[in-house]
Each structure stands twice: as structure tokens, then as C-alpha cells.
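Observations on chain architecture
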Amino acid sequence: MTGSIRSDAASVRLEDGHGRRFEYLRLSLTDVCNFRCSYCLPDGYRKAKGAPANLSVDEIRRLVSAFAALGLWKVRLTGGEPTLRAEFLDIAAAVAAVPGVRKIAVTTNGYRLAARAQSYADAGIGAINISMDSLKPDRFHAITGHDRLNEILAGIDACRAAGIASIKLNSVLLKGLNDDELDDFIAFVVQHDLVLRFIEVMRTNDNPDYFAAHHLAGTFVANRLEGLGWQRQARQPGAGPAIEYANPHGPGRIGIIAPYSKDFCASCNRLRVSATGKLHLCLFGDAGIDLRPLLQRDGQQDELVERLQRLVATKAPAHLLHQGNSGATPHLASIGG
Ligand code: SAM
Ligand code: SF4
């Protein structure tokens, strides 16, 4: 089956050969990170020799404009740690100004969030996902290499005060490291009326032993939530792959991102572009397709739009994780998790 390539203005959109539509771009701004999360960059960030420069603000504007011309309306800024980019606020503002973009989200480790939340809101960021893998300061330190849990908690308050409409927590639940905190996380969500996503640890090229030791299936969380009376929500049309649970006693919500579960890829609604301009059709795919030659000057948008449509049409139906193939990704910081 091949994806349809549409060029009439009324129906220009990004669609693959398996009926999936793409309206959501995850854009990495840098692969640099200051944390050392044990499942991602356990030895800290190391610059690769001869690595190309990150996309400039203008290149990002051209890239997002082409995606927006194809109906894409949501952009998540990620990394590495996206907020470490010196031009972070300029990039957010440039993306916000692209006609058609309605939602700018960021995924962050929460570094300096308390001091910066207002500036993020002012730049147009309306959604923030904050990674938090433990509610215990010493554990948080052990997993991330940073003793900053209290800073991150203050950052959540600052996001609320700044009026950021969507605030979500991301937690990777790890066998033997923080799985005994599941009930504490659930209680935290209830107490603070928050939305939290549990992410199954994913195997990448760099972490096969870690994965084997600490992977925990999303069903562990689902069973506990159902035991506590949480209700699994019906999937909304166009929703991403998270399985959502609602708390019967309050507004808190918990999602489970379980890439090893059956049919995970069927609801894939996202594309990724790395900090250096490579299109990744799948998080667990190949080395990426270089878009940079079409980003270096204005006036190439039509060509870029056509290229994106042709490339996306070839997106594979599913990842090959179950065959032990996690693709070319060394760690998620390299292409933006
Ligand atoms: N540095 C930012 C952060 O940590 O939020 C953004 C980039 S990070 C790669 C994005 C998300 O990917 C984080 O929530 C992180 O916990 C998650 N992540 C990183 N490596 C992972 C892995 N191997 N398996 C599952 N989640 C992972
Ligand atoms: Fe950095 Fe995020 Fe990877 Fe942690 S998960 S090392 S914060 S990029």
C-alpha cells in the first residue's frame, strides 16, 4: 500500500500508507543535556566529533512553516534539554508565529523552571511536560545525577502561576529503582490534580543491559490503577498512543505510554525532526533523512512540502522492538524523545 500524495490546497495534509495522519511534530532543539538520567545519558552528554550545527532559528521557522502548510498544528520542543539552547525563547516565539500552529509544548527536565516559567508562557508555550522519576530527593538524585527534586516541584507551581494551560509530569517507572513509588505517584496526582504519564523504559542502542534489568510493562501500572477504581478512557479520534485513566474521585489523570504493547504503533500521530534537521519517521527507525538542504533559504517551501509528503507516505507500519531491533537510536536525547 502507498500513502496518498495530495496537492490540492483544500486537502493538503500529511498521511502515510497505513491511514495515519500527522499533525504533531516533535522537534529537538539540541542533543545537549545537563542531566545524566540512568536510562538515557548515564555518563552525561558527550559531543560527537564533527557533528553538524543545530538548526538556526530561521531554519526552524522554514521547517515548521512547511509542516504547518501540511496541516500540522502542534509542535513539541524537546531534546536533549531544549531549554539549554541559548535561543530557546526566540525559537518558541518563532514557532508560535507560524500561521497554523496552535499549540507549542515543551518537554523539559525542569532545570531552572521556577525562574523561567513566566518567560516560557510569554513566548507562547502553552503546554509543558516535566520529567520526574521519583518523589524522593535521594532517588531523584540517583536517577538523574542531580539533587534538584525540590527545584522541580517549585517549577510546577511556577508553571501554574504563569498560566501554562497544560502541565504534565513524565515518569519512567523502573523495576527495582522506583517501582515501589507507584502508589506515591498516584497519590501525588490525586492530591495536586495533575496529569502524569508513566513511560515504559525503552531499549535503545546504548542501554540493552539496563533495559533488561529495569523494564517494567505498562500493565503493572494499569492493573494497579484498575484495582484502585481508576477508569480506562475511550481513545479520542486523533489522540496519541497513551492509554488514559481517569480518577473517579477528582480531576487527576494518568496515562501510560507502553511502546511494547500490542497496537502501539496503530495510533502513531507524530513525526520527529532532530536538532540538526533530520526527519525521523519512527523513534526506533534509521539514521534519519536530512532536510537541511531545503531549509537554508526562503523560497523552497513547495519543494520541502512535496518531499515531506513523499517521505511520510513511506512510514513503516510498526517498529521492530519485539524482534529486538530498536533501530539506530543510541539514546533518546539524540533525536528527541
Ligand atoms: N530532557 C528532557 C526531559 O528529560 O524531559 C527532554 C528530552 S527526554 C529524551 C524526553 C523524555 O524521554 C523524558 O521524559 C525522558 O524521561 C524520556 N526518556 C529518555 N530516555 C528514555 C528511555 N530509554 N525510555 C523511556 N523514556 C525515556
Ligand atoms: Fe537529559 Fe532528558 Fe535524557 Fe534525562 S531524559 S538525560 S534530562 S535528555
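Quantities reported herein were computed from a predicted structural model and do not represent experimental measurements.

To continue, consider the packing of aromatic side chains. Here the structure, examined in full by the defined rule, presents two aromatic pairs. Summarising the aromatic geometry, the rings of Phe88 and Tyr120 are spaced 5.2 Å apart at their centres and angled 75° between planes, so their arrangement reads as edge-to-face. Here Phe88 is found in helix α2 (residues 88–96), whereas its partner Tyr120 is found in helix α3 (residues 113–122), with 32 residues between them in sequence. Grouping residues by exposure puts Phe88 and Tyr120 together as buried. With a centroid separation of 5.8 Å and an interplanar angle of 85°, the aromatic rings of Phe185 and Phe198 are classed as edge-to-face. With Phe185 in helix α6 (residues 182–192) and Phe198 in strand β6 (residues 195–200), this residue pair connects regions lying 13 residues apart in the sequence. No difference in accessibility class separates Phe185 from Phe198, as the two residues are buried. Taking NZ or CZ as reference, Lys74 lies 4.3 Å from the ring centre of Tyr24, over its face. Lying across the ring of Trp73, Arg102 places its NZ or CZ 4.5 Å from the centre.

To continue, consider unusual backbone geometry. Positive phi outside glycine occurs at Arg112, with the angle close to 55°. The residue Asp193 is not glycine, and still its phi comes out positive at about 50°. With respect to the element layout, Asp193 can be found in the loop between α6 and β6.

Moving on, we get to the site of ligand 1. Every one of the 19 residues lining ligand 1 counts as a neighbour, but Tyr39, Gly80, Glu81, Ser131 and Met202 are closest to it. Take Tyr39: an N or O atom from its side chain is 2.9 Å from an oxygen atom of ligand 1. A distance of 2.6 Å separates an oxygen atom of ligand 1 from a polar side-chain atom of Ser131. Here ligand 1 has 540 Å² of accessible area as a free molecule, and 96% of this is covered by the chains. The set of elements that each furnish at least two residues to the shell around ligand 1 consists of β2 (74–79), β3 (103–108), β5 (166–173) and β6. Classifying every residue of the shell around ligand 1 by side-chain character gives seven nonpolar, 10 polar and two charged.

Calculation rules
- Residues numbered from 1 in each chain as written.
- Chains lettered and ligands numbered in written order.
- Predicted model: local features only at pLDDT ≥ 70, side-chain atom pairs only at ≥ 80, totals over all residues.
- Heavy atoms only, no water.
- Phe/Tyr/Trp six-rings, centres within 6.5 Å; stacked < 30°, edge-to-face > 60°.
- Helix = DSSP H or I, 4+ residues; strand = E, 2+ residues; numbered from the N terminus.
- Buried < 20%, exposed > 50% of the residue type's maximum accessible area, 1.4 Å probe, protein only.
- Lys NZ or Arg CZ within 6 Å of the ring centre and 35° of its normal.
- Near = heavy atom within 4 Å.
- Polar contact = N/O pair within 3.5 Å; in protein donor to acceptor, adjacent residues only side chain to side chain.
- Areas by Shrake-Rupley, 256 points an atom, 1.4 Å probe, with all protein chains shown as cover.
- Nonpolar A, V, L, I, M, F, W, Y, C, P; charged D, E, K, R; others polar.

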